[in-house]
Amino acid sequence: MRRVSVWVGLAYLLTPSLALYQGENYKEDLRIQPLRDGRVSTTFSFVTVLEGAVPRNPTALGQPDESQHYALFPLTLGQILREYAITELHLTLNAGKWNYDNWGHPHEAGVGTGAELWAWMGASDVTTVDERWSGLRNALSGLFCASLGSLDSRRTSSPTVAFPLSGSTPPFAPHELRHASLPSENVCTENLTPFLKLLPCKSHAGLAALLNPQKVFDADWHGMGVHVIWKEGTGVELKLTLQTVFNPVRTSAGKRRDWSLQSLFDRSIERSCPVASSSSVTVILPEEKNHQITPQLPAHVDGLAIYDLSSSSNLTIPSNIAMYWPSEHSFQYPLPPLLPLTPLSVKRTIHGTTQTRGVLYVSVTNNSPHEISAGYLEMMPALLTLWMHTLKVEINSQIRSDLLSALNYHPPSPQSNGRLSPSMLQAILTIPAKSTLKISMEVNKAFLKYTEHPPDAMRGWDLPGAVFFPLPQSTDTISSSYDWERIYTPTLLVDLPTPDFSMPYNVIILSCTLMTLIFGSIFNLLTRKWVVVEIPE
């Protein structure tokens, strides 16, 4: 009888209570979209809201902070936000190159290759923004097992126009932006594990149970994000996202594009998360009508099939949502030319046969029937020096300097620690309808000390991609009101002057060989005795 009462008490303690989660709200969503090239895009979104919460005032950092008691909000991340008085935070870890022309805009705009971190912080006399930025990088590096500590002053800049505040601005202090990216950062299971630990149900229930590392990291493109914003009247919102692009045509034996949750993740939804106020799976239906989806819904709303996975829904758990094309023997890739799915198409390359100089080329194509004004941002580490007097803007091999305005360039500058800050180029481009604008400028490659080269020096250095962003609404015109989002170009690999690191090894090998020959000869002379051996006949 006593054992039964113990189990009843444990069941009562583990049962979710509305009073326990008062002031906190958690919801999760999964969006699945079949793409025209046979791939499938999935976007997980886990949102936790601290209702009525406000960011910490940076002027009170020298005073004891109030105690943090969370039921759904992750305590480890909440302590970091309070310790460094962060108003807004965005962290993305991506692997692969997002294909804007065939996949369109992602559901989350931050798809730059590698690691990207930017935060808005209020100014304070107690600790500077740069000191808190350094502490934030190190804390997040330990939390997510990533190399965010490498985002030091050599990669940090403040492009406030391209990365504005997404939420509200607190009135207590003027705010400053710090942004840094590391394109060579790799994403693996050691980053996904702490990511899942931030969720209330971890990976034991709900949509997060689908996140099989072996399947996620086998995708053609995958990335995760952490976004913290403050909305006045709502509170502090934490949004954890994970995006993937699968290729069922590559993994299926029959070269078909049929997919299901079981085939994509090798898992199905076994149980719903009990603390989630809403849990749903949204499938964006393709335009062609020759597909079938299971379980079938009585109606589709605006081309969307929405499945409610909450405990109050009538959907059978476990659930395995699937889409297939019964009349399609094998998937036929669409033939070119294909119309791009985004209004802008961007290509960026660096030319040059020497290790000291080169030319940076950027090609921007306007696919829409309207003129578009876009912001252009280049953030280069001190590895490259951009020469502004060689900047050219051309359309159809004709110089069009009138299409570039508001040019702002910050060259690399020495800092107190002896390092150089990155250079930053910002400008506004006006691209005529159905035309291609080309930008070119000469660059110089830095000559580094041999101690500053990475272990794989002959591979080269990764340069962060350029960013094209829509202009603020204050400058909204017919040309800039086209609905589009921030666009990242692929990263570049630059070859810098590299010393012959094999020479020390060659010297060591030659020296050892000579020492061996000399020592061996002397040793033989000292230890061996030459005698005449008579051989009897």
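Residue positions are counted from 1 within each chain, in the order its sequence is given. Under the rules for a predicted model, residues below a pLDDT of 70 receive no local features and side-chain atom pairs below 80 are neither given nor counted, while totals for whole chains, interfaces and linings still include all residues. Values shown for side chains rest on all heavy atoms present in the structure; no hydrogens or waters enter the calculation.

Colleague: Can you help me understand the overall build of the protein in this one?
Modeller: A run of DSSP states H or I qualifies as a helix once it reaches four residues; a run of E qualifies as a strand once it reaches two. Both are numbered from the N-terminal end. Across its full length, the protein carries nine helices and 25 strands. Seen along its three principal axes, the alpha-carbon backbone of the protein occupies a region of about 105 × 80 × 70 Å. When accessible area is computed with a 1.4 Å probe and restricted to protein chains, residues below 20% of their type maximum are described as buried, those above 50% as exposed, and intermediate ones as partly exposed. Expressed as a percentage of its 537 residues, the buried residues of the protein come to 46%. If you take every contact in the protein between residues at least 6 apart in sequence, the share linking residues at least 24 apart comes to 74%. Carbon and sulfur atoms form 56% of the exposed surface of the protein, whose accessible area is close to 28100 Å². Residues scored as charged are limited to Lys and Arg (positive) and Asp and Glu (negative), so that His and the chain ends carry no count. By convention, the charge on Lys lies at NZ, on Arg at CZ, on Asp at CG and on Glu at CD. One finds the centroid of the 40 positive side-chain charges in the protein at a distance of 4 Å from the centroid of its 46 negative side-chain charges. Any two residues whose heavy atoms approach within 4.5 Å at even a single point are treated as in contact. Surface accessibility follows the Shrake-Rupley procedure with a 1.4 Å probe radius. Residue values consider only the protein chains on display as shielding.

Colleague: So what exactly am I meant to see when it comes to the pattern of salt bridges here?
Modeller: Once the charged atoms of two side chains with opposite charge are near each other, the side chains can pair. Salt bridge, as used here: a side-chain nitrogen of Lys or Arg that lies within 4 Å of a carboxyl oxygen of Asp or Glu. Under the counting rule described, the total for this entry stands at 18 salt bridges. With a closest N to O distance of 3.1 Å, Glu 176 and Arg 178 form a salt bridge. Overall, the relative accessible area of 31% leaves Glu 176 in the partly exposed class. The shortest N-O distance in the salt bridge between Arg 400 and Asp 402 comes to 3.0 Å. Here Arg 400 falls in the partly exposed class, since its relative accessible area comes to 29%. Accessibility expressed as a relative area gives 55% for Asp 402, which makes it exposed.

Colleague: Before we go on, may I ask you to explain the packing of aromatic side chains in this structure?
Modeller: The rule is short: rings of Phe, Tyr and Trp, with Trp giving its six-membered ring, pair when the centres are within 6.5 Å, and they are stacked under 30 degrees, edge-to-face over 60, tilted in between. Across all of its chains, the model carries 10 aromatic pairs by this definition. Summarising the aromatic geometry, the rings of Phe 44 and Phe 265 are spaced 5.6 Å apart at their centres and angled 75° between planes, so their arrangement reads as edge-to-face. With Phe 44 in strand E2 (residues 40-51) and Phe 265 in helix H8 (residues 261-265), this pair connects stretches of sequence that are 221 residues apart. Exposure class is identical for Phe 44 and Phe 265. Each is buried. Residues Trp 98 and Trp 221 carry aromatic rings whose centres are separated by 5.1 Å and whose planes lie at 80° to one another, so their mutual orientation is edge-to-face. Here Trp 98 is found in the loop between strand E3 (86-95) and helix H3 (100-103), whereas its partner Trp 221 is found in strand E6 (residues 221-231), with 123 residues between them in sequence. When its relative accessible area of 0% is taken as the criterion, Trp 221 is described as buried.

Colleague: Even after reading the chapter, I still don't get the environment of His 389, so can you show me in this structure?
Modeller: Within the secondary structure layout, His 389 lies in the loop between strand E16 (384-386) and strand E17 (392-395). His 389 sits 60 residues away from Lys 449 along the chain, and the two C-alpha atoms are 28 Å apart.

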